[in-house]
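Listed below are the residues making up each chain.
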Amino acid sequence: MRSTTPRAALRRAAGGFAAAGLLAAGSLALTAPAQAAAPEFTLGGPAGTALHPYPATGTPQKASLDFTVNNPSEDEENGAFEGEYTVRFDLSGIKGVADVAFGKEGGADCTVTGTSAVCHDWGIFPGLSTLAELDVTAAKGSEEGDTGAIEVTAEADGATFTSFTARIGIGGPDLSMERLPLRAELKTGDTQPVPVTFTNNGTRAADGVLLSLRYTRGMEFTERYRNCEYSESDGGMGSPGAWTTALCSFDGSYEPGVAYTLAEPPSIRATKRAFYDSFLYRIEEDGSAARAAQRAGAEYSPGKGATLALRKAPAALSADLDPSDNQQEADFRTANTADFAAYGDRAKGAAGDSVEVKVGFRNRGPAWIGYIRSGEDVATVDVTVPEGASVVAKPESCRGVTAAGGYRENQTAAPRYFCSTPMSVREDADFALPFELKITKVVEGASGKVVVRNPFLQDPKLQFDPEPANNTASLVLNAEDSGTGNSGSTTGDGGTSSTGTTGTTGTTGSAGDSGATTGDGSTGSAGSSSSGSTGGDSGGGLAATGSAALMTGAAAVVALVAGGVLYTVSRRRAAA
């Protein structure tokens, strides 16, 4: 069988053009360049897969196995391997155990002949790529407990590959998690029980189970259990401690066809930080591989409370053999607010001098803001440069725009800058933005603005912020009362600042809150003011502020999968 995809055709064409280009370039070269060390790529996929036994009637149920290749280069521009490569699947180890066919995923051209399969492709780009998808079913005549293995190797001129083994077995546990009817609309302090319930729909008992509970910063369980271990991480959201993960282990045998529930359901609470939050709960057979996958290199500490226990549920759940139902998720919207207070800076210098200033905002809380599902920036810091100065250095999260907020190709010496936050801002964050300004002309008391607002310029109000008056601060150069090193200016949150420092009041947040990437350029309204929004109208949230629009958006998918925690965010950058 042969599988050809448009991506494979494009890669082959690109390979031909690349080869032609190299040949033409080579004809002009007088000496051959020094050759770099051969890159090494790693083949991967599911280490172990359990198949449903061959049925007495009907067709066998298939499992899709994604095989991957990892290019460890971090150079997105130049790190691709540009050449042909061949992948070989030795299927002799699963003869009589499982049958295979190639699915639709992956860009390679693949052919199966007897107990082997060969795939050809061109180009390996930095990161993890799917090279082939195998649809695997139990073979007719196979029996419960049969096992085998697929050996995967690859070869290419100028590269080496680490081989991979995928083990296949017939029968096994199939743990299915019941979806809980949790309340989504909350107030701070609200608690509700979490009666986690699952069933084993498989063909053999699970030897111990591992329950994973993962929740965002605004939620917490009212007790930490002694048979659970806990860890905090940013989960890709740009804020340390954005996610907490609890891994709870239960010994014993969990039989097929039986449902189990927590003997004493734990309670989850919306803290004073809560705003938009998510909760994921997952069940799987316990073991060293499952623990290593869920830990994913994080440091865990044990709980010190009571022991969380399981018991048989009154009745079994309806059968569901889909392995994706090992996990369920819930989203919460808590009635709460966050006060984003802007701060500016003052500096003084002569014509030709360069001065450092630091502007930004602090979140006075009480809520943390995390746009978990949409992946949108929480806010934009809108900085208008004072007259008589130009920007010579700026944070990476800032992009220069025109005075009216429109697109600007040249990023140097822009009159105005839009600076993006990450998709989350902690309740104690200090989002500091250092700029270096060159004074081109001394203008006494030249004043610019610092406004923290919604990323959408047309709708600047921060929907979650009840104090819009402190969303604006001043950036002042050469004020009559300012001195280099100590301006004595009043910041947006009532603190003072000196040259190159943030205001002295407020809580210092984590560096993770200022590490956002810059969004795409956008054109502002023709009627926009060159000095940014006024304090009464400044702010930034999502264009769709309702909980349904945010929490069910398809712009991002949160997934906790076997093999590790995967938090995937497809970010649609807001039009600033």
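Rules and cut-offs
Residues numbered from 1 in each chain as written. Predicted model: local features only at pLDDT ≥ 70, side-chain atom pairs only at ≥ 80, totals over all residues. Heavy atoms only, no water. Pairing = 2+ DSSP bridges. Helix = DSSP H or I, 4+ residues; strand = E, 2+ residues; numbered from the N terminus. Axes fitted to C-alpha atoms, helices over the stretch in contact; angles between N-to-C directions. Core = buried A, V, L, I, M, F, W, Y, C linked by side-chain atoms within 4.5 Å. Buried < 20%, exposed > 50% of the residue type's maximum accessible area, 1.4 Å probe, protein only. Phe/Tyr/Trp six-rings, centres within 6.5 Å; stacked < 30°, edge-to-face > 60°. Disulfide = S-S within 2.5 Å.

**Student:** Any chance you could explain the sheet that holds strand E34 (residues 416-420) here in plain terms?
**Tutor:** Picture the strands of a sheet paired through backbone hydrogen bonds; they go either parallel or antiparallel. Across the sheet, six strands lie side by side as E28-E38-E37-E31-E34-E33; this open sheet has mixed pairing. Every other strand in the sheet has two partners, leaving strand E28 (345-347) and strand E33 (398-401) as the edge strands with one partner each. Adjacent strand axes in the sheet meet at a mean angle of 20 degrees, parallel and antiparallel pairs treated alike. Alignment of strand E37 (residues 446-453) against strand E38 (residues 472-477), held across six bridges, turns out to be antiparallel. When the bridges of E38 are listed, glycine 448 appears paired with leucine 475.

**Student:** Mind showing me how you'd approach the nonpolar core here?
**Tutor:** Soluble globular proteins tend to bury their nonpolar side chains together. Counting 38 residues, the largest nonpolar core has Phe340, Ile369, Phe435, Leu437 and Phe464 as its most contacted members. Elements with a contribution of two residues or more to this core: strand E27 (338-343), strand E29 (354-366), strand E31 (380-384), strand E32 (389-393), E34, strand E36 (430-439), E37 and E38. If one sorts the elements of this core by residue count, E36 sits on top with five residues.

**Student:** What am I meant to see in unusual backbone geometry here?
**Tutor:** For residues besides glycine, phi is generally negative; the peptide bonds are generally trans as well. The omega torsion across glycine 365 and proline 366 is 5 degrees, close enough to zero to call that bond cis. If you check the backbone angles, asparagine 478 has positive phi at about 55 degrees while not being a glycine.

**Student:** Hey, could you run me through the packing of aromatic side chains in this one?
**Tutor:** Within a pair of aromatic rings, the relevant descriptors are the distance that separates the centres and the angle that separates the planes. On inspection of all chains with the given rule, the structure shows 19 aromatic pairs. Ring geometry for phenylalanine 198 and tyrosine 254: centres 6.3 Å apart, planes at 50 degrees, overall tilted. Within this pair, whereas phenylalanine 198 is found in strand E16 (residues 197-200), its partner tyrosine 254 is found in strand E20 (residues 243-254), the two being separated by 56 residues in sequence. The exposure classification of phenylalanine 198 matches that of tyrosine 254, with both residues buried. Ring geometry for tyrosine 276 and tyrosine 371: centres 5.7 Å apart, planes at 50 degrees, overall tilted. In this pair, tyrosine 276 sits in strand E23 (residues 276-285) while tyrosine 371 sits in the loop between strand E30 (369-370) and E31, placing the two residues 95 residues apart along the sequence.

**Student:** Any chance you could explain the state of the cysteines here in plain terms?
**Tutor:** Cysteine pairs can be linked by a disulfide, which is a covalent bond between their two sulfur atoms. Summed over the entire model, instances satisfying the criterion amount to three disulfides. The residue that forms a disulfide with cysteine 228 is cysteine 248, at a sulfur-sulfur distance of 2.1 Å. Measuring the twist about the S-S bond at about 110 degrees, one finds the cysteine 228-cysteine 248 disulfide to be right-handed. Within this pair, whereas cysteine 228 is found in strand E19 (residues 228-233), its partner cysteine 248 is found in strand E20, the two being separated by 20 residues in sequence. The exposure class assigned to cysteine 248 is buried, which follows from its relative accessible area of 0%. The disulfide that involves cysteine 398 links it to cysteine 419, with 2.0 Å between the sulfurs. Handedness of the cysteine 398-cysteine 419 disulfide follows from its S-S torsion of about 110 degrees: it is right-handed. Here cysteine 419 lies in strand E34 and cysteine 398 lies in strand E33, a separation of 21 residues in the sequence. Here cysteine 398 and cysteine 419 have matching classes, each one buried. Each bonded cysteine of the protein gets a number by its place in the sequence, and the pairs then read 1-2, 3-4, 5-6.

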